[in-house]
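Now for the letters of each chain:
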Amino acid sequence: MTAEHKYAFYLGCIAPNRYPGSEAASIRTSKKLGIDLVPLEGASCCPAPGAFGSIDLNVWYAMAARNIVLAEQKGLDIALICNGCYKSIYEVNHKLKHNKELREGVNEVLKEIDMEFKGTIDVWHLGELLYDPEIVGVEKIRESIKVPLKGVKIAVHYGCHLLKPKKERHLGSTENPMWVEELVEALGAETVQYRNKMQCCGAGGGVRGYDLTHALDITNEKLTNMVEAGADAVVDLCPFCQLQFDRGQIEIEEKFGIKYDMPVFHYAELLGLAQGMNPSELALDLHAINTEPFLKKVL
Amino acid sequence: MVTKNYPDPKLNEKLRDRYYRRDQSNPEFTKETEKLAGSMAHMCYQCGTCTGGCPSAPRSTYRIREFMRRGVLGLEEEALTDPDLWLCTTCYSCTDRCPRDLAPTDVIMAMRNLAFRRDIIPVNFLKTVTAIYASGHGVPNNDVNRAAREKLGLTRDPPTTHMYPEYIKGIRKILDHYNLKENADRIIKEREG
Ligand code: SF4
Ligand code: SF4
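Here is what the cut-offs are and how they apply
- Residues numbered from 1 in each chain as written.
- Chains lettered and ligands numbered in written order.
- Predicted model: local features only at pLDDT ≥ 70, side-chain atom pairs only at ≥ 80, totals over all residues.
- Heavy atoms only, no water.
- Helix = DSSP H or I, 4+ residues; strand = E, 2+ residues; numbered from the N terminus.
- Rg over C-alpha atoms; globule rule 2.2 N^0.38 Å.
- Buried < 20%, exposed > 50% of the residue type's maximum accessible area, 1.4 Å probe, protein only.
- Contact = heavy atoms within 4.5 Å.
- Lys, Arg positive; Asp, Glu negative; His and termini not counted.
- Charge placed at Lys NZ, Arg CZ, Asp CG, Glu CD.
- Buried area = accessible area lost by both parts, 1.4 Å probe.
- Salt bridge = Lys/Arg side-chain N within 4 Å of Asp/Glu carboxyl O.
- Core = buried A, V, L, I, M, F, W, Y, C linked by side-chain atoms within 4.5 Å.
- Pairing = 2+ DSSP bridges.
- Near = heavy atom within 4 Å.
- Nonpolar A, V, L, I, M, F, W, Y, C, P; charged D, E, K, R; others polar.
- Axes fitted to C-alpha atoms, helices over the stretch in contact; angles between N-to-C directions.
- pLDDT = per-residue confidence, 0-100.

Counting its regular elements, chain A contains 14 helices and 8 strands. Computed over the C-alpha atoms, the radius of gyration of chain A is 19 Å, within 12% of the 19 Å expected from 2.2 N^0.38 for a compact globule of 299 residues. Across the 299 residues of chain A, 65% fall into the buried class. Sequence-distant contacts in chain A: of pairs separated by 6 or more residues, those separated by 24 or more amount to 78%. For chain A, the centre of its 32 positive side-chain charges and the centre of its 41 negative side-chain charges are spaced 1 Å apart.

Glancing now at the interface of chain A and chain B. With 68 residues of chain A at the contact, the number on the chain B side is 58 residues. Overall, the association of chain A and chain B removes approximately 5200 Å² of surface from exposure, summing both partners, and the carbon and sulfur fraction of that is 64%. When the buried surface of chain A facing chain B is broken down by residue, Asn17, Ile55 and Tyr210 of chain A rank first, second and third, together holding 14% of it. Where chain A packs against chain B, one counts 5 salt bridges. Between glutamate 23 of chain A and arginine 149 of chain B there is a salt bridge whose closest N-O contact spans 2.7 Å.

With that settled, consider the nonpolar core. Residues and elements named next belong to chain A. Ranked by internal contacts, the top residues of the largest apolar core, which has 153 residues, are Ile141 and Tyr267. Looking at this core, the element that brings in the most residues is helix H4 (residues 57-74), giving 12 residues. Here tyrosine 267 is in contact with Leu130, Ile141, Leu183, Val184, Leu187, Val235, Asp236 and Leu237, once residues within four sequence places are set aside.

Quick look at the pairing of strand S2 (residues 35-39) of chain A now. Residues and elements named next belong to chain A. Counting buried residues along S2, 4 of its 5 residues qualify, which places the element largely inside the surrounding structure. Two strands pair when backbone bridges link them, and strand S1 (residues 5-10) and S2 are joined in this way by 5 bridges, in the parallel orientation. Among the inter-strand pairings, phenylalanine 9 is bridged to a residue of S2, identified as proline 39.

All names here are of chain B. In the vicinity of ligand 1 lie 13 residues, with Cys44, Cys47, Gly48, Cys50 and Cys98 positioned nearest. Of all the secondary structure elements, the ones that give two or more residues to the shell around ligand 1 are helix H3 (49-52) and helix H4 (64-73). Taken together, the residues that form the shell around ligand 1 break down as 8 nonpolar, 3 polar and 2 charged.

As a further point, take the pattern of salt bridges. Two side chains carrying opposite charge are able to pair once their charged atoms lie near each other. All names here are of chain A. Taken as a whole, this structure holds 35 salt bridges over all chains when the rule is applied. Here glutamate 91 and lysine 95 are joined by a salt bridge, their closest N and O atoms 3.2 Å apart. Of this pair, glutamate 91 and lysine 95 both sit in helix H5 (residues 83-98), 4 residues apart, which is roughly one turn of the helix. What makes glutamate 91 buried here is its relative accessible area of 3%. For lysine 95, a relative accessible area of 22% gives the class partly exposed. Here lysine 95 and glutamate 168 are joined by a salt bridge, their closest N and O atoms 3.6 Å apart.

Residue and element names in this part refer to chain A. The parallel open sheet is built from 4 strands, whose spatial order is S2-S1-S3-S4. A single partner strand is all that each edge strand has here, and the edge strands are S2 and strand S4 (123-125). Neighbour to neighbour, the strand axes of the sheet diverge by 40° on average, direction disregarded. Pairing between S1 and strand S3 (residues 78-80): 3 bridges, direction parallel. Counterpart to alanine 8 in the pairing with S3 is isoleucine 78. Where H5 meets the sheet, its contacts fall on S1, S3 and S4, and the angle it forms with S4 comes to roughly 160°.

Bringing the site of ligand 2 into the picture now. In the vicinity of ligand 2, the contacting residues are Cys54, Pro55, Tyr62, Ile64, Cys88, Thr89, Thr90, Cys91, Tyr92, Cys94 and Thr105 of chain B. Of the residues belonging to the shell around ligand 2, the class tally is 8 nonpolar, 3 polar and no charged.

A few words on the environment of valine 152 of chain A. All names here are of chain A. Within the secondary structure, valine 152 is located in the loop between helix H8 (138-143) and strand S5 (153-157). The exposure class of valine 152 is buried, given its relative accessible area of 0%. C-alpha separation for the pair valine 152 and glycine 230, spaced 78 residues apart in sequence, amounts to 9.6 Å. Ignoring any residue separated from it by four or fewer positions in sequence, one finds valine 152 in contact with Ala189, Glu190, Asp232, Phe294, Lys297 and Val298.

Moving on: unusual backbone geometry. Residue and element names in this part refer to chain A. That bond from cysteine 46 to proline 47 is cis: its omega, 0°, falls within 30 degrees of zero. By the element assignment, proline 47 lies in the loop between S2 and helix H3 (49-55). Following lysine 164, the chain continues to proline 165 via a peptide bond in cis, the omega torsion being -5°. With respect to the helices, strands and loops of the structure, proline 165 is situated in the loop between S5 and helix H9 (179-185).

Residues with a pLDDT of 70 or more make up 97% of chain B, whose mean pLDDT is 95. Taken over the whole predicted complex, pTM reads 0.94, whereas the ipTM for its chain interfaces reads 0.96.

This paragraph deals with the environment of alanine 115 of chain B. All names here are of chain B. For alanine 115, the position within the fold is in helix H7 (residues 104-117). The sequence separation of alanine 115 and glutamate 76 amounts to 39 residues, and the corresponding C-alpha distance is 9.4 Å. Beyond its immediate chain neighbours, meaning those up to four positions away, alanine 115 contacts Leu80, Leu85, Trp86 and Ile120.

Below you can see the structure in the form of structure tokens.
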């Protein structure tokens, strides 16, 4: 199928450098659904909104703007697969478009590297493009499935920065959204509702680096709630949340002596599996938590 | 004026120490916080909705409502030196729920920016800066991952600054514009030698 929708694929850090299966799966599954993701050469860290935003918001704006301008120069909207990147790239794009003073300040800095923010593109999370019936939509995803993921229960972790703050987003409810559940159910899997579903993974705002035990305690509470609801796996839309849940389980075992063995997937990986990609094409062996038992159930 | 007192003078003394004193307050701090945050923080009526839904509150002494109060009262020292300032995960629950729409998360970010101006910052934040200065990435590639990428049919290094290091120059210029690398190096050295 020829792709009708073309985007500059902004990678961020954690997906390409820790969970490259998500990158590979995003490109291949999107192609089947009419989305062409082309590389955004020379992009950097978004930069990490927790770290940079805490230090100096102005540097955060300028660094994010540089990534946005790379896509402006290509004349393409950005698609990305990480909630943290969404916070930086989507939000800074939005702020600079609507705040003249801020834009002029950023452009003064960008002038030093012969760049200018013009405000000519939009920024999207791949998840919202997949859900949008005008781009892909749940029906089309369902039709693309070769291996329905029958017999497993999935807990959806939305993460924070894709939906919140609500007034600076456009994705509806931040208290009990259900659209990612629809995306997961389109793959043939069941979803579960669990206590405090919208709680943060614990990693953001620099807390994972500042006080790991504190961050893990939040993660641990979420995992407990997911287990209570009978989940076989977690699915998220953010490689940083994924890292916190996946590697975090190893750290939780070390620190608190609690073992979950709960596999953690990015939605793109799950979509890849359901479209018939082989687990080896998803680098699932890089996950900290063994995905084999889950794969045995569904494949 | 009738003054209420406990019969126990020692208890009165102890409680007197909790009184808010004007000389601890810096009105400029309130103004700067509000400006950086884009929030009318002084409108906070201390309802506590923010703390009520905060994932960090039940497992620490961090109270976002208390920081809002410190902001309003101009209690700069108290706010900027409290280690709890760095326990906000920036989940934005409080921002979505605040009935007065005061964006408490952005108030915290503003206070962190002000703390950084006084070199008050945990080093993990600065290490992200130095990593990006070196490679463009906060979380850079490694050999295990390169091999995995190759097996997936991806380029060994992603098509970012990793594959196109000529773009790092521009990133350094931006960071240097704000002297951020210099300050990060200096503070890390002070802390870790
Ligand atoms: S929710 Fe808003 S008004 Fe209520 S205490 Fe928190 S910041 Fe103040
Ligand atoms: S944004 Fe920060 S202060 Fe607000 S609820 Fe989340 S962790 Fe708590």
